[in-house]
Amino acid sequence: MEELPFVAVAYIFILLFAIVLFAVVAKFTKRRALKNFLLIAILAVVFVTLITPFVSLIRSFHLKPVYIDAVSDNSGGTIVSLWRNGVIYLRRLGGDGKTIWTKQISHGSYRISFHKVSSNNFGGVVLFWGESQSQGLSPHFLYAQSIDANGNCLWGEDGVLISSQAVYNVPYNILNDGLGGALFSWIVVKDGYEIRIQRVDALGNVLWGKDGKQIASSKGRIGDLNLVSNSNRVFVVWTVEQENSSHIYLQILDLDGNNLLQSGGLRIDTNSLYCRNVYALSDNSYGAIIVFQDGYGDPAPIYAVRIDSQGKRKEKVKIASSEPSYIRIVPQKDGFILGWVVSPGTIPPFPNQWTLHIQKFSYLLTPLWDEKVLYVSEGTEGRLDFNLGISHDYDLFVVWQRVASPAKGGLLYVQKLNSEGKELWESSETLVSSYNLLFYPSSPHLVPDGTGGTAVISLMKNFWGTKYIIFLQKFSSSGNPLWGKGVIWGF
């Protein structure tokens, strides 16, 4: 039987205690005035206890969604972005956890939605967002802005217009060009689906027309859009879902936005029925590597495919099997690291537990580490959520948490591994929010700080869905927490 959340147990206890107290007062209190007073007081407690969840439920319908992202400022600090109630907020925290600046992005009457952030390689951030005048599938104009380390806007106060098409545009990726500029990709939803890409240089000049370059269009749903740069080329990878199948497509661009493959992209035949959770990364040569899951089985196999500079598939290798939720990939100097979760019952050694696995592969798709079972849950209720982060010197950070029970949801673990897979911290440090009994966290974020440490960031929502907080904790290169019990940004 699933464990009841802490708040639910507390409410049940209060109600039972009030009922017992009511019976005792009614039977043993002789003075009528005192009895009536006590009975009214007990009934008031019962009423408040019963009505509070319903009031909270009503309030929760008015609680707007909140989305966060974060990047390093390359100086030991973190820049956190927050989208809430149609406004984007940016806050830079120094290495000591203190706020350096806060900035608000808003265009007055417009409603901002969907946002992505990326480092601009100079201590600041590149921001990509959509704007509409109403909710739902209404027209979204796309904008981008580059903000320096001091919080100054580099591309004009209002940013640059990425697309002026009056359609439903969904921002998807930012690909940093390393020079202060970036490529921006998005999906257009209008009588089908369409992929478009825009390029902006470091000065804010829009280079590929007012609405970017069209990469592909399809009646089937387009998703899992990836951008990868390699040797003056850009690999664009995506999936197209039609009926009960989903297949991977590829287009290669030069830096002027010209297609190097056939119009509409090339389907990468992986002999798979349903490709999902797709990641693409450079192969450190002239091609790319595509990692994906096939299907919704439990476990679902994970494959890696090498693609050459002409878009031809070289080989397909099964590298793992995972619980059908998601996987994580980060590149390293001599390969890439894969993280995945195995659910109870799928692997014989751990029949009743969730397990978090980590493995490193070369660019030739051969395993370089013995597979690491980094975390084993205490039982079937301890479903895992995790994230990976890579430092400038290729140390790996892993953060994970239980997600099954809100009563335990504030408990996070973090570990650091070197490029050979050795755990660098003596034990997995435990990060516990003071709100762990009442607040339920979303997927944690990791932001390596460039000095050997990392920041752990979690968006938490309370049990009744009426309040959010952002919880941040910084760890030194040796694994010591630096901000006491963390920094709380509440709203």
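Predicted, not measured: the structure shown is a model, and the values here were computed from it.

Each value, and the rule that gives it
Residues numbered from 1 in each chain as written. Predicted model: local features only at pLDDT ≥ 70, side-chain atom pairs only at ≥ 80, totals over all residues. Heavy atoms only, no water. Helix = DSSP H or I, 4+ residues; strand = E, 2+ residues; numbered from the N terminus. Buried < 20%, exposed > 50% of the residue type's maximum accessible area, 1.4 Å probe, protein only. Areas by Shrake-Rupley, 256 points an atom, 1.4 Å probe, with all protein chains shown as cover. Pairing = 2+ DSSP bridges. Axes fitted to C-alpha atoms, helices over the stretch in contact; angles between N-to-C directions. Core = buried A, V, L, I, M, F, W, Y, C linked by side-chain atoms within 4.5 Å. pLDDT = per-residue confidence, 0-100. Contact = heavy atoms within 4.5 Å. Phe/Tyr/Trp six-rings, centres within 6.5 Å; stacked < 30°, edge-to-face > 60°. Polar contact = N/O pair within 3.5 Å; in protein donor to acceptor, adjacent residues only side chain to side chain.

Looking now at the overall build of the protein chain. A count of helices and strands for the protein chain gives two helices and 33 strands. Per-residue burial over the protein chain gives 53% buried out of 491 residues. Surface accessibility of the protein chain: about 22,300 Å² in total, with carbon and sulfur atoms responsible for 54%.

Here we take up the sheet that holds strand β2 (residues 78-84). Whenever strands of a sheet pair, they do so through backbone hydrogen bonds, lying parallel or antiparallel. Sheet architecture is open: four strands sit in the order β1-β2-β3-β4, paired in antiparallel fashion. Lying at the two open borders of the sheet, with one neighbouring strand each, are β1 (66-72) and β4 (99-105). Along the sheet, successive strands turn relative to each other by an average axial angle of 15 degrees, direction set aside.

Bringing the pairing of strand β3 (residues 87-93) into the picture now. In terms of residue burial, β3 counts as a mostly covered element, since five of its seven residues are buried. As paired strands, β2 and β3 are joined by seven bridges and run antiparallel to one another. Within the sheet, the bridge partner assigned to W83 lies in β3 and is I88. Connecting β2 to the next strand, β3, in antiparallel fashion are two residues, including N85 with a positive phi near 55 degrees. The hairpin turn running from β3 into β4, its antiparallel successor, is five residues long, and G97 in that turn takes a positive phi close to 85 degrees.

Bringing the nonpolar core into the picture now. One recurring pattern in soluble globular proteins is that nonpolar side chains are buried together. In this structure, L356, I358, L388, L396, V398 and W400 are the most contacted members of the largest nonpolar core, which totals 19 residues. The set of elements that each furnish at least two residues to this core consists of β22 (335-342), β23 (355-362), β24 (372-376), β25 (384-390), β26 (396-402) and β27 (411-417). F235, V237, I252 and Y303 belong to the second-largest nonpolar core, a separate cluster that totals 17 residues.

We now examine the confidence of the model for the protein chain. Parts of the model with low pLDDT should not have their predicted coordinates read in detail. Looking at the protein chain, pLDDT values average 82 and 82% of them are 70 or higher. A low-confidence stretch, residues 1-6 stays under pLDDT 50, and its non-local contacts, those more than four residues away or across chains, total 10 contacts.

A few words on the packing of aromatic side chains. A complete count under the given rule lists 12 aromatic pairs for this structure. Pairing W129 with Y143 gives two aromatic rings, centres 5.9 Å apart and planes at 15 degrees, and the pair type is stacked. Note that W129 is positioned in strand β6 (residues 125-132) and Y143 in strand β7 (residues 141-147), a separation of 14 residues in sequence. Judged by its relative accessible area of 1%, W129 falls in the buried class. Judged by relative accessible area, which is 15%, Y143 ranks as buried. Each ring, one from W155 and one from F184, has its centre 6.5 Å from the other, and the planes form 75 degrees; the classification is edge-to-face. Linking W155 in the loop between β7 and β8 (160-163) with F184 in strand β10 (residues 182-189), this pair joins segments that are 29 residues apart in sequence. The buried category is assigned to W155, whose relative accessible area is 4%. F184 gets classed as buried once you look at its relative accessible area, which sits at 0%.

Turning our eyes to something else, we now look at the side chain of H247. Assignment of secondary structure puts H247 in strand β15 (residues 245-254). Here R267 takes part through its side chain, which lies 3.0 Å from a polar atom of the side chain of H247. Look past the residues within four positions of H247 in its chain and what remains in contact with it is W238, T239, V240, R267, S272 and L273.

Now for the pairing of β6. Within β6, eight of the eight residues are buried, which leaves the element mostly enclosed by the surrounding structure. Alternating positions in β6 separate into two faces, V125, L127, W129 and E131 on one and V126, F128, G130 and S132 on the other, with burial throughout. Relative to β6, strand β5 (residues 111-119) runs antiparallel, the two sharing eight bridges. When the sheet's bridge partners are listed, I112 is paired in β6 with E131. In sequence, β5 turns back onto β6 through a hairpin of five residues, with N121 there showing a positive phi of about 70 degrees. Note: β6 against β7, seven bridges, orientation antiparallel. Looking at the pairing, E131 lines up with F141 of β7.

Here the focus is the environment of Y286. Tracing the backbone through its elements, the reader meets Y286 in the loop between β17 (275-282) and β18 (288-294). What makes Y286 exposed here is its relative accessible area of 56%. Residues Y286 and S231, 55 residues apart in the sequence, show an inter-C-alpha distance of 6.1 Å.

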